[in-house]
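Listed below are the residues making up each chain.
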Amino acid sequence: MVTYSIVIPTLNERDNIVELLGQIGHCGLSNYEIIVADENSPDGTADAVNAYAAAGHPEVRAVLNDGEPGLSPSIVKGFETARGEILCCMDGDLQHDVGSLPGVLSEFNGGADFVIGSRYVKGGGFAEKWNPCRILISRTATLMARVMLGIKVADPMSGFFAIRRELFEELRPALTPRGFKIMLELLCLAVNRKGDTVRVVEHGIIFNRRKHGESKLTARVAAEYLQMLLALRRNRQA
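In this text, all values refer to a predicted model and were calculated from it rather than measured experimentally.

Considering the layout of surface pockets
- The volume enclosed by the second largest pocket comes to roughly 300 Å³.
- Taken together, 14 residues line the second largest pocket, and the ones lying closest to its centre are G150, I151, K152, V191 and V200.
- It is helix α7 (residues 182-194) that provides the largest number of residues to the lining of the second largest pocket, a total of 4 residues.

Below, the structure written as structure tokens:
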């Protein structure tokens with residue numbers, strides 16, 4: 001029986017993905033599947049995943065996001081094809097520490113409905129010191145989310161999160177996934193619709209340095225993030 005579905009959205013992560021899959025396989029989890037939701041990467045990311053799965057890893061599979069492009073639609077595609085009771089998302093670039101994964105998922109044993117892998121709570125942090133510009137960008141984006149949306153969590157910008165399947169399915173009809181911060185949209189919908197009845201927990205994670213490839217953060221991504229904040233704010237006030 002599949003209990004946990006770990007969805008990894010990818011775009012040109014061939015140099016990282018096999019190492020990440022191996023790390024997850026050795027982190028002590030059981031009853032899990034891994035779904036790599038690939039955005040038709042030209043570097044052959046999906047081919048690398050399929051080769052890894054064929055080499056004796058039936059818990060791993062790749063799905064292609066052949067619909068709306070973008071990170072958030074890829075995550076939704078992965079969640080929709082998942083079989084687990086708990087749906088988890090983590091990045092494919094090795095920046096989310098796999099050692100934090102069992103702890104994030106263990107929060108559901110205590111009754112959590114939505115778990116955020118947070119860099120800014122006890123146990124969380126960074127494997128290396130960020131430069132001042134990157135710190136400013138991250139802190140500004142976090143402050144904007146908290147002020148504009150009334151989100152009270154410490155790390156609303158995290159891309160490492162998990163949600164109960166039944167909660168995701170309840171929220172799915174209202175989702176309009178765009179950009180790269182699907183967690184923030186899901187969190188806003190959950191809090192606005194269910195209030196204090198939904199239990200949101202932050203679990204400390206370590207954020208690592210990217211080993212291979214380039215960051216997906218661009219001016220276009222920043223503009224999409226601002227548009228998403230404005231849309232979520234309108235929906236919150238409606």
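Now that the structure is up, let's keep going.
What about the packing of helix α1 (residues 14-25) against helix α2 (residues 45-54)?
- Packing of α1 against α2 brings their axes to within 8 Å, and their N-to-C directions diverge by 30°. Taken together, α1 and α2 sit at an angle that is classed as roughly parallel. Seen from above, α1 lies across α2 with right-handed handedness. In contact with R14, I17, V18, L21 and G22 of α1, α2 contributes T45, D47, A48, V49 and Y52.
- Residues belonging to the contact of α1 with α2 are distributed by class as follows: 6 nonpolar, 2 polar and 2 charged.

Some remarks on the sheet that holds strand β4 (residues 86-89)
- As summarised here, the arrangement of the 7 strands in space is β3-β2-β1-β4-β7-β5-β8, forming an open sheet in which the pairing is mixed. Each edge of the open sheet is held by one strand with a lone partner, namely β3 (60-64) and β8 (200-204). Direction aside, the axes of adjacent strands within the sheet are offset by 20° on average.
- When strand β2 (residues 32-38) meets β3, the two strands line up parallel, connected through 5 bridges. Note on β3: the bridge partner recorded for I35 is R61.
- Contacts from α2 reach β1 (4-10), β2 and β3, with the element oriented near 155° to β3.
- In the packing of helix α3 (residues 71-81) onto the sheet, contacts are made with β1, β2, β3, β4 and β7 (161-164), and the angle to β1 comes to roughly 150°.

Overview of α7
- Here α7 contains 13 residues, and its C-alpha end-to-end distance of 18 Å stays within 8% of the 18 Å for a straight helix at 1.5 Å per residue.
- All buried positions along α7 are accounted for by I182, M183, L184, E185, L186, L187, C188, L189 and A190.
- Just downstream of α7, G195 is the residue with a positive phi angle, here 60°.

So, the pairing of strand β5 (residues 114-118)
- Counting buried residues in β5 gives 5 out of 5 residues, a clear majority hidden from the surface.
- Residues F114, I116 and S118 line one face of β5 and the alternating positions V115 and G117 line the opposite face, and both faces are buried.
- In terms of strand pairing, β5 meets β7 through 3 bridges, oriented antiparallel. If you follow V115 over to β7, its bridge partner there is A162.
- Direction of pairing for β5 relative to β8: parallel, over a ladder of 5 bridges. Bridging across to β8, S118 finds its partner in G204.

Scoring rules and cut-offs
Residues numbered from 1 in each chain as written. Predicted model: local features only at pLDDT ≥ 70, side-chain atom pairs only at ≥ 80, totals over all residues. Heavy atoms only, no water. 1 Å grid on protein atoms, 1.4 Å probe; cavity = no way out; pocket = protein on both sides within 12 Å on 5 of 7 lines; lining within 4 Å. Points joined across faces, edges and corners; volume = space filled by probe spheres on them. Helix = DSSP H or I, 4+ residues; strand = E, 2+ residues; numbered from the N terminus. Axes fitted to C-alpha atoms, helices over the stretch in contact; angles between N-to-C directions. Parallel < 35°, antiparallel > 145°, perpendicular 65-115°, else oblique. Left-handed = near helix turned anticlockwise from the far one by under 90°. Contact = heavy atoms within 4.5 Å. Nonpolar A, V, L, I, M, F, W, Y, C, P; charged D, E, K, R; others polar. Pairing = 2+ DSSP bridges. Expected span 1.5 Å × (residues − 1). Buried < 20%, exposed > 50% of the residue type's maximum accessible area, 1.4 Å probe, protein only.

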